[in-house]
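Survey of secondary and tertiary structure
The residues making up each chain are set out below.
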Amino acid sequence: MTHLSHLLVTASRGHFKKKQAKELKVLAKKSVGANGSALSIQITHSIAQIALLDSQLNSVEAELTEITRFNDSVIMTIPGIGYINVGMILGEIGDIHRFSSPSKLLAFASLDPSVYQSGNYWVKRTRMSKRGSRVLRYALMNAAHNVVKNNSTFKAYYDAKIAESQTHYNALRHCAGKLVRVIWKMLTDEVEFNLD
């Protein structure tokens, strides 16, 4: 009971206490359980697979961090962006000179709005086009989320989009688009992050 209580308190960060551990124990006694070695083996193997995948993921992340540190890119100066995001962004962009303008990088990142056109009628939709790199879009959205937390200019831009009745995800997409333009300029001119 002590071990279960400690486990619940730790895992729930104090939300669940000893009372809930007792209730859980009573519920476990009343529930229908399966007794068999096959199920035990299956659970043990599943746990082993999860542990293996976890260690492989940690190994890949450590290697990516080391490579990113070695390359020492200027986009590491953007507040809130970590080594994993930088590695994903640089890995997907490759040579920045492939993109002659920020709008081309924006399209490659799948962050440009999709356009519906039929004859003379066309409408810009608010959804992303999703025709470019999904990995880059994911990394940029994740990076934008962190930059909004760590930079007052991006936070103000995010708040302005929220004030326009945009959803959190839409506002974040706009911030990611702004971040793409900043990253394009930084990589093209080899300048550090500075919005002053």
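Look a little higher up for the structure.
Let me begin by describing the structure that accompanies this report. Because the structure is predicted, anything quoted here is derived from the model rather than measured.

A few points about the overall build of the protein chain
The number of helices and strands found in the protein chain is 8 helices and 2 strands. In the protein chain, the succession of helices and strands from N to C terminus is α-α-α-α-α-β-β-α-α-α. The 196 residues of the protein chain split such that 30% are buried. The contacts of the protein chain with a sequence gap of at least 6 include a subset with a gap of at least 24, amounting to 55%. As presented, the protein chain carries roughly 13200 Å² of accessible surface, and 56% of it is formed by carbon and sulfur atoms.

Observations concerning the environment of Leu 111
On the secondary structure map, Leu 111 appears in the loop between helix H5 (102–108) and strand S1 (113–118). You can call Leu 111 buried: its relative accessible area is 3%. Sequence separation between Leu 111 and Arg 134 is 23 residues; the distance between their C-alpha atoms is 9.8 Å.

A word on a nonpolar patch on the surface
Together, Leu 39, Ile 43 and Ile 47 line one region of the surface with nonpolar side chains, adding up to about 270 Å² of accessible area. Relative to the assigned elements, Ile 47 resides in helix H3 (residues 37–71).

Remarks on unusual backbone geometry
Only a minority of non-glycine residues have a phi that is not negative, and only a minority of peptide bonds are not trans. Of note, Ser 165 is a non-glycine position whose phi angle comes to about 70 degrees, a positive value. Within the secondary structure layout, Ser 165 lies in the loop between helix H7 (152–163) and helix H8 (168–189). Using a relative accessible area of 68% as the deciding quantity, one classes Ser 165 as exposed. With a phi angle near 55 degrees, Glu 190 is a residue other than glycine that sits in the positive phi range. Here Glu 190 is to be found in the segment after H8.

Thoughts on the packing of aromatic side chains
Counted under the stated rule, the structure contains 1 aromatic pair. Between the NZ or CZ atom of Lys 178 and the centre of the ring of Phe 154, over which it lies, the distance is 5.9 Å. Across from the ring centre of Tyr 157, 5.0 Å away, lies the NZ or CZ of Lys 178, which sits over that ring.

Some remarks on the packing of helix H6 (residues 134–150) against H7
With their axes 6 Å apart at the nearest point, H6 and H7 run at an angle of 105 degrees to one another. As summarised for this structure, H6 and H7 are arranged roughly perpendicular, according to the angle between their axes. Each of Val 147, Val 148 and Asn 150 in H6 lies in contact with H7, whose residues at this interface are Ser 152, Phe 154, Lys 155 and Tyr 158.

Here we look at the side chain of Asn 151
As for its position among the elements, Asn 151 is in the loop between H6 and H7. In this structure Asn 151 comes out as buried when scored by relative accessible area, which is 12%. In this structure Asn 151 touches Pro 79, Phe 193 and Leu 195, once residues within four positions along its chain are discounted.

Observations concerning the side chain of Thr 65
Note that Thr 65 resides in helix H3. At a separation of 2.8 Å, a polar atom in the side chain of Thr 65 contacts the main-chain carbonyl oxygen of Glu 61. In contact with Thr 65, other than residues within four places in its own chain, are Tyr 83 and Ile 84.

As for the pattern of salt bridges
Under the counting rule described, the total for this entry stands at 3 salt bridges. For the salt bridge of Lys 155 with Asp 159, the shortest nitrogen-to-oxygen distance reads 3.0 Å. With Lys 155 and Asp 159 both in helix H7 and 4 residues apart, the pair spans about one turn of that helix. Residue Lys 155 is classed as partly exposed on the basis of its relative accessible area, which comes to 37%. Asp 159 gets classed as partly exposed once you look at its relative accessible area, which sits at 34%. Glu 164 serves as the salt-bridge partner of Lys 161, at 3.6 Å between the closest nitrogen and oxygen. Under the relative-accessibility criterion, Lys 161 is labelled buried at 14%. A relative accessible area of 48% places Glu 164 in the partly exposed class.

Criteria and cut-off values
- Residues numbered from 1 in each chain as written.
- Predicted model: local features only at pLDDT ≥ 70, side-chain atom pairs only at ≥ 80, totals over all residues.
- Heavy atoms only, no water.
- Helix = DSSP H or I, 4+ residues; strand = E, 2+ residues; numbered from the N terminus.
- Buried < 20%, exposed > 50% of the residue type's maximum accessible area, 1.4 Å probe, protein only.
- Contact = heavy atoms within 4.5 Å.
- Areas by Shrake-Rupley, 256 points an atom, 1.4 Å probe, with all protein chains shown as cover.
- Patch = residues over 30% accessible without salt bridge, like charges linked within 9 Å, V, L, I, M, F, W, Y side chains within 5 Å.
- Salt bridge = Lys/Arg side-chain N within 4 Å of Asp/Glu carboxyl O.
- Phe/Tyr/Trp six-rings, centres within 6.5 Å; stacked < 30°, edge-to-face > 60°.
- Lys NZ or Arg CZ within 6 Å of the ring centre and 35° of its normal.
- Axes fitted to C-alpha atoms, helices over the stretch in contact; angles between N-to-C directions.
- Parallel < 35°, antiparallel > 145°, perpendicular 65-115°, else oblique.
- Polar contact = N/O pair within 3.5 Å; in protein donor to acceptor, adjacent residues only side chain to side chain.

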